[in-house]
Every structure is written in C-alpha cells, then in structure tokens.
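Commentary on secondary and tertiary structure
Take a look at the letters that make up each chain.
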Amino acid sequence: VANALRDQILQGHIKHGELLSENKLASEFDVSRTPVREALRLLMEEGLVEMLAGRKVRVIIPRLEDITEIYQIRWILESAALHELGQNPVLAKKVSGELRVCLEQARQALDNKNVMQLATANEKFHGVLISALRNQRISAQFKTIHNLITLYRRQTLESDSWAVTGDEEHIQLVQFIEQGAIDQALDLLKRHLCEAKKVLREYLEQ
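This structure is a prediction, so every number in the text was calculated from the model and none was measured. (Residues numbered from 1 in each chain as written. Predicted model: local features only at pLDDT ≥ 70, side-chain atom pairs only at ≥ 80, totals over all residues. Heavy atoms only, no water.)

Brief notes about helix H9 (residues 160-179)
Because each turn of an α-helix spans 3.6 residues, side chains separated by three or four positions in sequence point in the same direction. Keep this limit in mind: Per the convention used, a helix needs a DSSP run of H or I reaching at least four residues, while a strand needs a run of E reaching at least two, with both numbered from the N terminus. What a helix should span is 1.5 Å times the count of its residues minus one. Only protein chains enter the accessibility calculation, which uses a 1.4 Å probe; a residue whose area is less than 20% of its type maximum is buried, one above 50% is exposed, and one in between is partly exposed. Throughout, a residue-residue contact means that at least one pair of heavy atoms, one from each residue, lies within 4.5 Å.
Look at H9: 29 Å from first C-alpha to last across 20 residues, which is about the 28 Å you get at 1.5 Å a residue. Among the residues making up H9, those that are buried are Trp162, Ala163, Gly166, Asp167, Glu169, His170, Leu173, Val174, Phe176 and Ile177. Considering only its buried residues, H9 is in contact with helix H4 (64-87), helix H5 (89-112), helix H6 (115-131), helix H8 (146-156) and helix H10 (182-205). Just downstream of H9, Gly180 is the residue with a positive phi angle, here 75 degrees.

Some thoughts on the sheet that holds strand S1 (residues 19-20)
Put simply, the rule reads: Two strands form a pair only when DSSP identifies at least two bridges running between them.
The 3 strands are arranged S1-S3-S2 in an open sheet whose pairing can be described as antiparallel. Two strands in the sheet have a free side with no partner beyond their single neighbour: S1 and strand S2 (49-51).

Some details on the pattern of salt bridges
Side chains bearing opposite charge may pair, as long as their charged atoms lie close to each other. Stated precisely, the cut-off is as follows: Criterion for a salt bridge: a side-chain nitrogen of Lys or Arg within 4 Å of a carboxyl oxygen of Asp or Glu.
Taken as a whole, this structure holds 13 salt bridges when the rule is applied. Residue Arg33 is joined to Glu22 by a salt bridge in which the shortest nitrogen-to-oxygen separation is 3.1 Å. Linking Arg33 in helix H3 (residues 33-45) with Glu22 in helix H2 (residues 22-29), this pair joins segments that are 11 residues apart in sequence. In this structure, Arg63 engages Asp66 in a salt bridge whose closest nitrogen and oxygen atoms are separated by 2.8 Å. Beyond isolated ion pairs, a larger network of salt bridges with shared partners links Glu22, Arg33 and Arg37.

Brief notes about the nonpolar core
Under the convention used in this document: We define the nonpolar core as a collection of buried residues of types Ala, Val, Leu, Ile, Met, Phe, Trp, Tyr and Cys that are connected through side-chain atoms lying within 4.5 Å of one another.
Membership of the largest hydrophobic core comes to 63 residues, with the highest contact counts inside it found for Ile9, Leu20, Leu82, Leu85, Leu173 and Ile177. When sequence neighbours within four positions are dropped, the list of residues in contact with Leu20 reads Ile14, Leu25, Leu40, Val49, Val57, Arg58 and Val59.

A short note on the environment of Glu84
With respect to the helices and strands, the residue Glu84 is situated in helix H4. With relative accessibility at 23%, the residue Glu84 sits in the partly exposed group. In this view, Glu84 contacts Leu91, Ala132 and Arg134; residues no more than four positions away in its chain are not counted.

Laid out in structure tokens, this is it:
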C-alpha cells in the first residue's frame, strides 16, 4: 500500500493537499484499515503526507522554507562530490561515463516529451554525482529526503523551458568534470540549483 501510494504521489496522480481516507484506501486496496494506517505512517516519516487536526491525513503542500532547506542540502552534497572528482581523475572518468548514460536517457525522454522518464533520468544523474562521495552513511541519510527531492524535481520539469535548459546544463557539467574544470563545474552547479529552486517557487506560488 505504501509503495503504491508513494508512486501515485510522486507521479502526480494524487495532488498536493489531497485528503487521504483510510476507509476509501482500504476499500481500494482490498485490505483492512490496519495496513493502510501503517502505510500512511511510513509516508509521514518520509515527509510525503502529514497529519491534520481531527486525525485527517493529506498529501503535503510544500512550503517555501522546505524548498530552501532541500536545495541547501543538495548543494552541500553535490558540491562536495565535485570536489572529490576534482581530486580523483580515475573516479572522475568512471563517474562521467555513468553520467553520460543518464544524459542519453534524458535526451530520449525530452524527445518523447515524457516528464516522468525525464525526472527519472535526472534523479539518476544527481544520484550518480553524489555516489562520487563513496560514503554509505551520507547515502543513507540522503535517502531520507530522496522522495521529497523526486517530488520537487518532477514539479520543476513541468516547465518545458527549464527541462531543456536543465538538460543542457547537465551536459555542460559533465564536460567540465571530464576536463577537470571543477571551479567552473561548481559555478554551474550553483546556478543550476538556484534556477531550479526559483522555477519551483514560482510554480508553487501560482
């Protein structure tokens, strides 16, 4: 139940602020209310749903301060990964090869105008970048905000212009990594994250 609800939220089939009824969900999944209640508890821990007064549960409505914190975390982790790649050319070559696979998947998604495929490709791209840190504890902590990042990323990619611009910046970022131009990569990453945050804030304010 948790997996199904999570997918529906991340794919936008269940909207921000939508109330979730235990009875309705139990009927939909043909289970008792107990597993539904447990599934909702798991999604609360992941930050995808929240409890309101009267024990009502709804899908989160992202707040501007949430967005700021999430993108701050992304900058800390991804900039650290770029520094690591700058100090390890062998690792940089390996990671850039994996990033280019993600770029090809993103290009196919853009050609097909498939937002979900593009979001998945972008998710893999930034995941590969963070993997350069080779730190299992960081990776484990990152998973705690992974779904929120996925949710926000899908929202930003609803903008056709940003989807194209973001993809172009990913291509340039990989080129900088391959060239060992880490200072340029860091500048680009900062602009990239700032613009993505701006697009998302404007989307939510509308």
